[in-house]
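# Coordinate analysis (summary)
For reference, the chains in residue letters:
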Amino acid sequence: MSADLPRADELGLIGCHVCGLVCRDTGAEHAHCPRCHSSLHRRKTASYSRTWALLIAAFIFYIPANVLPIMRTASVGDIDDNTILSGVIELWVKGSPDLAVIVFTASIMVPVLKFLALVTLLWSSHRASPWARRQRSKLYRLVELIGYWSMLDVFVVALLTALVQFGVLSLVEPLPGVVFFGLTVVLTMFASMSFDPRLIWDGRESDD
Amino acid sequence: MTDQQTPSGGALPEPIVRKPRVNASFVWLIPVLAALVGLSLVINAWIKAGPTITISFQSAEGLDPGKTPVKYKNVVIGRVTSVTLSKDRSHVTAKVSLEKSAEGFATADTRFWVVRPRIGLGGVSGIDTLLSGAFIGADVGESKETRDEFTGLEEPPAVTHGAPGKTFKLHTDDLGSLDIGSPVYYRRIQVGRVVTYQLDKDGKGVSLQIFIDGPNDEFVTKSTRFWNASGVDVSIGADGVKLDTQSLATVLAGGVAFGSPMGPHDETPADQGAEYRLFGDQATAMAPPDGEPKYIRMRFDQSLRGLKVDAPVEFLGIPFGRVVSINLDFDEKTQTFPVVVGAVVYPQRLGRAHDKLVALARERGDDAQLSQMMGKLIEHGLRAQARSGNLLTGQLYIALDFVPKAPKVAYDPAQKPLEIPTVPGSFDRLQEQLAEIVDKIQKIPFDSIGKNVDATLAELNRTLKQVNGDVLPEFKNTLQGAQQTLGNANNALSADSPLQQNLGGTMQELQRTARSLRVLTDYLGSHPDALLRGRRADAPPPRAEPPAATQEGSKP
């Protein structure tokens, strides 16, 4: 891509996020699209603070999500409460290392990496760092893409709870941990949504 | 990036302006809320977290860190967090975090034990743990003193705190086959169990603690008797053989039974912790109360083969006590070995007789001591005697009986222990008499008698030979001669013999002679002159002559 292309901002233009209508940037606050009446903004409103807030909330929920048990499996009287990590360990010990790796990736690695990625994006964009802008954009797209795949654990619990209900013989119950895990995933998704990737390209200096 | 060309400002639509509804800074409410939720979780966990205690067990069998719950009345009050081996490797230490609500369990007298499936003779317990896995059972006491280190019990306690029922104490000589958890039966229904047992401090007996579950504990009254139901009781009576046992389990594992004696008795329920004696069997348990045991001593100058410790002592046939010791003594004066028999007697077993004797003794001003009473009785001939209780086995028992014409003995009532004079046993007297008879028989000179008889018999033999050889043939000849003679005589005397006929003829002739003689005499009577003149001419015949007159003249 050519580096010296002008930005819409510099041309006094503003695009609608919903219908794609390009309007003139009048500089007025609380502008709305004349066609679809969705709000218009040059950059997502309070993107940094929103993303930070949601990210922090997600991080706070991530702690109980890992500490509290997410699932109770009871088979013939043997009640077993599992947290995410203990589930992974159990899978690994009981001879399904492949499954253990999948669960570990989806439930522990991905959220952590998401946190790290978003923090990196926020931090670097805030400092208007010109460093690896294109890669950061890719990272953002990746974060957006894998967002909902982190719900794997929640899906597993929901499915098992629905399927395994044999009374005394076998029983699966969701425990509070899974709620916090779901909240973490949802909040990280919101966080990545509220981050405006255009901020990556906003720099004090011109584009590299 | 869309269009390369710069669009003209006028051609583009103007955005419309509206008032915003939400301020962006409200988004910070979300992390605040999250923080609040997180904080509430932390506070909740902190509030819920109870004390952490450590319990040591012999083995960690069934203990699973993070899983094994601690239960009280089947409610989870905590969980094992870790299980470690002790430093000296003698036991394991389980760390248990109790819930806040279970704070009261970290007190001094709380007991913990691992509930595992147990199969014993007394029954099966903890079968549910087969499926659910072992758990730690807890039983809280009443202590207020807090503690965080416990030693786990290896066996579940037989009684939990607060269970309805009462504890009683039993005393016995030995434990027998009883054990912790052995059943206690009332009318063959299990109503309790043995809780603990320990040796008495003096080592002379065993104390058992039993627990009777409510509401059956009220059947334990002040007059209740306990007995060991461990054995099989076989009794042969008039109604056949009777086998008596509480249950098969008690035969193997032991048990205690209790009941009230027949007849009027105290029905007041016993107090918690009341003490009782544990009898060996039902019969002794149901016997009248023994009262205070007394020790007596007897000195026998005879062999007491067949007398055993525990042999009964009877007073006029009533069980009075039992033999507790049999010892040999040496008497220097007579150079004999008397046997000293010690016995424990229960004067109260005499029942009314005892009461009356005591009353009499009191009246006389004596103290009611056994020795005083015995003194009087001994004066009247009370003696101890070893008698044979069983002719087959030769077992002896001691009988206290009144022996008529017993020789007077010196009696010292102050002597301790009380010594009862003895007389030789009836069996021994019988033996003595038999011996005397044997002695007398022995004195008979069987040898010389035998010799004499032998000689006599030889003589007789000789005589008989002589008789046989000489006398008998002669005798035979004589007899033959006699037979001939008799035959002749027979012939001579037979009806058709000439002698007989001659005799008949002779007799007739004689008759005829006699008749003519009478005629002559009659004629001469009436005609005496005929003697001189001779017979006259025939006169006319007489008119009627009585024939009888003629007959009379037939006698010679």
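The model shown is predicted, which means the values in this text are computed figures rather than measured ones.

Glancing now at the overall build of chain A. Assigned secondary structure in chain A consists of seven helices and six strands. Each of the 208 residues in chain A was classed as buried or not, and the buried ones make up 38%. Taking the contacts inside chain A whose residues are at least 6 apart along the sequence as the reference set, 67% of them involve residues at least 24 apart. When the accessible surface of chain A is totalled, it reaches about 11,200 Å², and 70% of it is carbon and sulfur.

The next point concerns the interface of chain B and chain A. The partner chain A presents 36 residues to the 25 residues of chain B that form the contact. Around 2,700 Å² of area is buried between chain B and chain A when both sides are counted, 71% of it from carbon and sulfur atoms. Inspection of the region where chain B meets chain A yields zero salt bridges. On the surface where chain B and chain A come into contact, there are zero residue pairs in polar contact (both at pLDDT 80 or more). Those elements that provide at least two residues to the side of chain B that touches chain A are strand 1 (16–17), helix 1 (29–48) and helix 2 (129–132) of chain B. Considering every element that reaches the side of chain B that touches chain A, the biggest residue donor is helix 1 of chain B, with six residues.

Residue and element names in this part refer to chain A. Tallying each qualifying case throughout the model produces 14 aromatic pairs over all chains. Taken together, a centroid distance of 5.5 Å and an interplanar angle of 80° make the contact between F59 and F115 edge-to-face. Of this pair, F59 sits in helix 1 (residues 47–67) while F115 sits in helix 3 (residues 97–126), placing them 56 residues apart in sequence. Owing to a relative accessible area of 46%, F59 belongs among the partly exposed residues under this scheme. Exposure remark for F115: the relative accessible area of 7% places this residue in the buried category.

Quick look at the pairing of strand 13 (residues 189–199) of chain B now. Residue and element names in this part refer to chain B. Taken together, the four bridges between strand 12 (residues 183–186) and strand 13 define a ladder with antiparallel strand orientation. Bridged to P183 within strand 13 is R193. Strand direction decides the pairing type here: strand 13 and strand 14 (residues 206–213), joined by seven bridges, are antiparallel. Within the sheet, the bridge partner assigned to V194 lies in strand 14 and is I210. Between the end of strand 13 and the start of strand 14, which pair antiparallel, lie six residues, with G203 showing a positive phi angle near 70°.

Below, the discussion takes up the sheet that holds strand 11 (residues 165–172) of chain B. Within a sheet, adjacent strands bond to each other through the backbone by hydrogen bonds, running parallel or antiparallel. Here seven strands make up a closed barrel; going around it, the order is 11-14-13-12-18-15-19 (chain B) and the pairing mixed. Sheet twist, expressed as the mean angle between neighbouring strand axes with direction ignored, is 35°.

Here we come to the sheet that holds strand 4 (residues 71–75) of chain A. Residues and elements named next belong to chain A. Pairing is antiparallel across the open sheet formed by three strands, whose spatial order is 5-4-6. The strands lining the two open edges of the sheet, one partner per strand, are strand 5 (78–82) and strand 6 (170–174). Taking each pair of neighbouring strands and ignoring which way they run, the sheet shows an average axis angle of 15°.

Moving on to the confidence of the model for chain B. Residues and elements named next belong to chain B. Residues at a pLDDT of 70 or more form 86% of chain B, whose mean pLDDT is 80. Within chain B, no element has a lower average pLDDT than helix 11 (residues 547–552), which sits at 50, and none a higher one than helix 8 (residues 446–493), at 90. Long-range and interchain partners of residues 1–9, a stretch whose pLDDT sits below 50, account for five contacts in this model, where long-range means more than four residues apart. This model gives residues 549–556 a pLDDT under 50, and the stretch forms nine contacts once residues within four places in sequence are excluded.

The next subject is helix 1 of chain B. For helix 1 of chain B, spanning 20 residues, the distance from its first C-alpha to its last is 28 Å, which sits close to the expected 28 Å at 1.5 Å a residue. Residues of helix 1 of chain B that are buried: B:P31, B:A34 and B:G38. Take helix 1 of chain B and look down its axis: the buried residues cluster within an arc of 60°, on one side only. Exposed side of helix 1 of chain B, more than 90 degrees from the buried face: B:L33 and B:K48 are the residues found there. The secondary structure elements touched by the buried residues of helix 1 of chain B are helix 1 of chain A.

Residue and element names in this part refer to chain A. Tracing the backbone shows S38 in the loop between strand 3 (31–32) and helix 1. Given a relative accessible area of 17%, S38 falls into the buried group. In contact with S38, not counting residues within four places along its chain, are C16, V18, H32 and C33.

Once that is clear, we can look at the packing of helix 1 of chain A against helix 6 (residues 176–194) of chain A. Helix-helix packing: each pair is described by the crossing angle between the helix axes and the interaxial distance. Residue and element names in this part refer to chain A. In the contact formed by helix 1 and helix 6, the axes pass within 8 Å of each other and the chain directions differ by 165°. It follows from the interaxial angle that helix 1 and helix 6 lie roughly antiparallel. As for the relative orientation of helix 1 and helix 6, their crossing is left-handed in sense. Packed against helix 1, whose contacting residues are S47, R50, T51, L54, L55, A57, A58, F61, Y62, P64 and A65, the element helix 6 presents G177, F180, F181, L183, T184, L187, T188, F190, A191 and S194 at the interface. Looking at side-chain class alone, the contact of helix 1 with helix 6 contains 14 nonpolar, six polar and one charged residues.

So, about unusual backbone geometry. Residues and elements named next belong to chain B. G214 connects to P215 through a cis peptide bond whose omega is 0°. Inspection of the secondary structure puts P215 in the loop between strand 14 and strand 15 (225–228). A positive phi angle is found at R187, which is not glycine, with a value near 50°. Along the chain, R187 turns up in the loop between strand 12 and strand 13. Taking the relative accessible area as the measure of exposure, R187 reaches 67% and is therefore exposed. At R188, a residue that is not glycine, the phi angle is positive and equals roughly 65°.

Definitions and cut-offs
Residues numbered from 1 in each chain as written. Chains lettered and ligands numbered in written order. Predicted model: local features only at pLDDT ≥ 70, side-chain atom pairs only at ≥ 80, totals over all residues. Heavy atoms only, no water. Helix = DSSP H or I, 4+ residues; strand = E, 2+ residues; numbered from the N terminus. Buried < 20%, exposed > 50% of the residue type's maximum accessible area, 1.4 Å probe, protein only. Contact = heavy atoms within 4.5 Å. Areas by Shrake-Rupley, 256 points an atom, 1.4 Å probe, with all protein chains shown as cover. Buried area = accessible area lost by both parts, 1.4 Å probe. Salt bridge = Lys/Arg side-chain N within 4 Å of Asp/Glu carboxyl O. Polar contact = N/O pair within 3.5 Å; in protein donor to acceptor, adjacent residues only side chain to side chain. Phe/Tyr/Trp six-rings, centres within 6.5 Å; stacked < 30°, edge-to-face > 60°. Pairing = 2+ DSSP bridges. Axes fitted to C-alpha atoms, helices over the stretch in contact; angles between N-to-C directions. pLDDT = per-residue confidence, 0-100. Expected span 1.5 Å × (residues − 1). Arc of directions from axis to C-beta. Parallel < 35°, antiparallel > 145°, perpendicular 65-115°, else oblique. Left-handed = near helix turned anticlockwise from the far one by under 90°. Nonpolar A, V, L, I, M, F, W, Y, C, P; charged D, E, K, R; others polar.

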